[in-house]
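The lines below spell out each chain.
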Amino acid sequence: MASKNKRVAVIGGGVAGIASMVALKEEGGFDIACFEKTDNFGGTWCYREESVIGVASIMPTTHLVTSKELSAISNFPPRKECSNFMRHDQVYEYIQEYAKLQDVLKYIQFNSKVTEVKKTDDYEETGRWIVTVKNTVTREITNSVYDGVMVAIGHVNRPNIPSYPGQDLFKGNLFHSHSLKEVDPYKNKTIIVVGMGCSGLDAAIETSNVAKQVYLSARNGAFVVDRVGINGIPYDYDMLRPYLYQLMDIFPTKFISWCFETGYLDKQYNHNLYPVVPKQHLLARDPSVTSNFSAKLINGAVIQKPGIQSFTEDGVVFEGETEVTKADVVIMATGYTWKFPFLEEDVLVREENRIDLYKCVFPIHLKHPTIAIVGFFLPFGPGIPPGELQCRWVAQVFAGKCKLPSRKIMLEHTRRRYEANVARYGPSEKVSIKVDFIQYCDEIAVEFGAKPNLLKYFLTDIHLFSKIMFGPSLAYQYRLQGPHPWDGAREAIMTSEERMLYPLARRESNVRENMLKILFRKALSALLF
Ligand SMILES: Cc1cc2nc3c(=O)[nH]c(=O)nc-3n(C[C@H](O)[C@H](O)[C@H](O)COP(=O)(O)OP(=O)(O)OC[C@H]3O[C@@H](n4cnc5c(N)ncnc54)[C@H](O)[C@@H]3O)c2cc1C
């Protein structure tokens, strides 16, 4: 007998693809097919020796820039033994354990590249899609009809390389950071890294371990945040707390930025002491998270430089300088552009720089909410928890348990986010998809009833309330209520600190700081330093 289930195609077998399959499976009533163009799952976190355009690339030394508890999946806390900023292979293992536990790997068809997704002839009535898949090994092409499509292909995989006057003249080695793997080939070389985002800093720090000299060139500068927070714990465990984020709803972002810059960042690394001072305030640009950057600057292994004015055969001239700075290698850590090559033009409508996706997920101009883009956003904070919430929301919408508002409301909402983002960050290619971590998680959770009822916990479970409100913002809170709650959610929230402290001492920690002690230490440090 034919299945009465809805057929859903998931495109991409990275974290977002896996979270999509889990959400569909736990909701039930779906036949799932996942297409992954490579021969493995895990996307970004599946390390590959070669870098391929269209597939995210990491270095052998890549670690998370967001800590394990803040990056966790809502019903799967990382093991206490895992380091806080897991290395790529630990992240891969974590994803693998989760996918195996949820038994979703069986849905993935590897070496299967989706080449086209288009509306069926009866789309107006049914909202269905034809998905064309090419087997990259046998070259076989297949077409199948699906009731729903979840697009989870990532967006940090198509290098953006700017062009400077004279760039063609340069005789050295010039490439994008997407292709940077081992640093041995750069031993005793002079290197210019362009761009001061996370990958630019990683490239500069890693190559400077072997290079003769590294120059880090940036036009606008960036605020650099060290993985180690001022209390010796992960910076995000300390900072990403709802009560702190709520200040953003009360005070102007410039004022909040100033407070963080002077009270927190400048104590780690005083940006004003170096030649490239950030031109925007902290909350107007993604912070660049790394480790040891200030040590590299202070020992001269990395020298900051302004933007590049022009190239010569053997180097570059930086803005405001007349002399050529010679270089053997130029690494462009200049970000990524985005593309969904298999989608019809009216799916991802882009007006000037505004991408019309409701809450960064549902295309607004389509008649049916039967296609969703997941993981296509730039969070000010970790990416996995909001991505997983998106997948859970989509499963509810596909199941017909959640309705989207009218097109007019969705457009208005998207326009407002876009305008607020342009005012805060300035115009850019991906400005529409920038979101604040805590606010965005809450916003998506509200859509399907998974946002915890704080008033209820305030009245019935004050310990849990204070952990949610004053502690780090953990994804487990979105499994306390709503569809598919998890019995272990409260316990996971209450024991998160133990899992964060464990890998520091490699044993159960006896450090239990109370709020008063923390406040006293903060007051003392404000007074003395
Ligand atoms: C160096 C680096 C460091 C990062 N650090 C962090 C961090 O610390 N914290 C954090 O939260 N995030 C971080 N990220 C962001 C990271 O992208 C997310 O954590 C997450 O892995 C994104 O998952 P995804 O599934 O959306 O995309 P991806 O991991 O990119 O997976 C997409 C998958 O889709 C497949 N695919 C693409 N096109 C097709 C097609 N046409 N047909 C079939 N399959 C296709 C790809 O092969 C890939 O497997 C980092 C990213 C990079 C590059």
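Residues numbered from 1 in each chain as written. Predicted model: local features only at pLDDT ≥ 70, side-chain atom pairs only at ≥ 80, totals over all residues.

In the nomenclature of an unreviewed UniProt entry, the protein is known as Flavin-containing monooxygenase of Larinioides sclopetarius. On record in UniProt, under Subcellular location (unreviewed entry), the comment for the protein is "Endoplasmic reticulum membrane". In its Cofactor (unreviewed entry) section, UniProt records this for the protein: "FAD". (UniProt positions renumbered as here; feature names shortened; annotations may be inferred.)

Around the ligand lies a shell of 35 residues, among which Gly12, Gly14, Gly43, Gly154 and Gly375 are the nearest. Listing elements by their share of the shell around the ligand, those giving two or more residues are helix H1 (15–27) and strand E4 (112–119). For the shell around the ligand, the class distribution of residues is 17 nonpolar, 15 polar and three charged. (Near = placed C-beta within 6 Å. Helix = DSSP H or I, 4+ residues; strand = E, 2+ residues; numbered from the N terminus. Nonpolar A, V, L, I, M, F, W, Y, C, P; charged D, E, K, R; others polar.)

With respect to the helices and strands, the residue glutamate 261 is situated in helix H8 (residues 253–268). Residue glutamate 261 is classed as partly exposed on the basis of its 18 C-beta neighbours within 10 Å. Along the chain, glutamate 261 and histidine 271 lie 10 residues apart, while their C-alpha atoms are 9.2 Å from each other. In contact with glutamate 261, not counting residues within four places along its chain, are Phe223, Asp266 and Leu282. (Buried ≥ 20, exposed ≤ 12 C-beta atoms within 10 Å, placed from the backbone. Contact = placed C-beta atoms within 7 Å.)

Secondary-structure assignment places valine 117 in strand E4. Sequence separation between valine 117 and lysine 326 is 209 residues, and the spatial gap between their C-alpha atoms is 48 Å. Beyond its immediate chain neighbours, meaning those up to four positions away, valine 117 contacts Trp129, Val131, Val149, Phe342 and Leu343.

Another point: the packing of H1 against helix H10 (residues 384–398). Angle between the axes and distance between the axes are the two parameters that describe a pair of packed helices. Remark: H1 packs on H10, axes separated minimally by 8 Å, with the N-to-C direction vectors making an angle of 40°. The two elements H1 and H10 cross, and the hand of that crossing is right-handed. Only Ile384, Gly387, Glu388, Cys391, Arg392, Val394, Ala395 and Gln396 of H10 make contact with H1, whose side of the interface consists of Val15, Ala16, Ala19, Ser20, Ala23, Leu24 and Glu27. Partitioning the contact of H1 with H10 into residue classes produces nine nonpolar, three polar and three charged. (Axes fitted to C-alpha atoms, helices over the stretch in contact; angles between N-to-C directions. Left-handed = near helix turned anticlockwise from the far one by under 90°.)

With that out of the way, let us pick up the sheet that holds strand E15 (residues 308–311). Each strand in a sheet pairs with its neighbour through backbone hydrogen bonds, running either in the same direction (parallel) or in the opposite one (antiparallel). Pairing within the open sheet is antiparallel, and its three strands lie in the order E15-E16-E17. Here the strands that pair on one side only, and so sit at the sheet edges, are E15 and strand E17 (325–326). Bridge analysis of E15 against strand E16 (residues 315–318) gives three bridges, and the strand direction is antiparallel. Residue pairing in the sheet places serine 310 in a bridge with valine 317 of E16. (Pairing = 2+ DSSP bridges.)

Below, the discussion takes up H1. The end-to-end C-alpha separation of H1 is 18 Å, in line with the 18 Å expected for 13 residues at 1.5 Å each. For H1, a buried count of 10 out of 13 residues is recorded, marking the element as mostly surrounded by other parts of the structure. The set of residues buried in H1 consists of Val15, Ala16, Gly17, Ile18, Ala19, Ser20, Met21, Val22, Ala23 and Leu24. Lining the buried residues of H1 we find strand E1 (6–11), strand E2 (30–35), helix H2 (88–101), strand E7 (148–151) and H10. Phi for glycine 28, located one or two positions after H1, is positive at around 80°. (Expected span 1.5 Å × (residues − 1).)

In this structure, serine 179 sits in the loop between strand E9 (173–176) and strand E10 (190–194). Along the chain, serine 179 and methionine 332 lie 153 residues apart, while their C-alpha atoms are 9.8 Å from each other.

Here the focus is unusual backbone geometry. Unlike most non-glycine residues, arginine 139 shows phi in positive territory, near 70°. Within the secondary structure, arginine 139 is located in the loop between strand E5 (129–135) and strand E6 (141–146). Non-glycine residue lysine 359 carries a positive phi angle of around 50°. Mapping lysine 359 onto the fold places it in the loop between strand E22 (357–358) and strand E23 (362–363).

Turning our attention to the packing of H10 against helix H12 (residues 437–447). Relative to each other, H10 and H12 sit at 15°, their axes nearing to 9 Å. Here H12 runs roughly parallel to H10, going by the angle between their axes. Like other packed secondary-structure pairs, H10 and H12 cross with a definite hand, here left-handed. For the pair formed by H10 and H12, the contact residues are Pro385, Pro386, Leu389, Gln390 and Trp393 on the first element and Phe437, Tyr440, Cys441, Ile444, Ala445 and Glu447 on the second. A class-by-class count of the residues in the contact of H10 with H12 yields nine nonpolar, one polar and one charged. (Parallel < 35°, antiparallel > 145°, perpendicular 65-115°, else oblique.)

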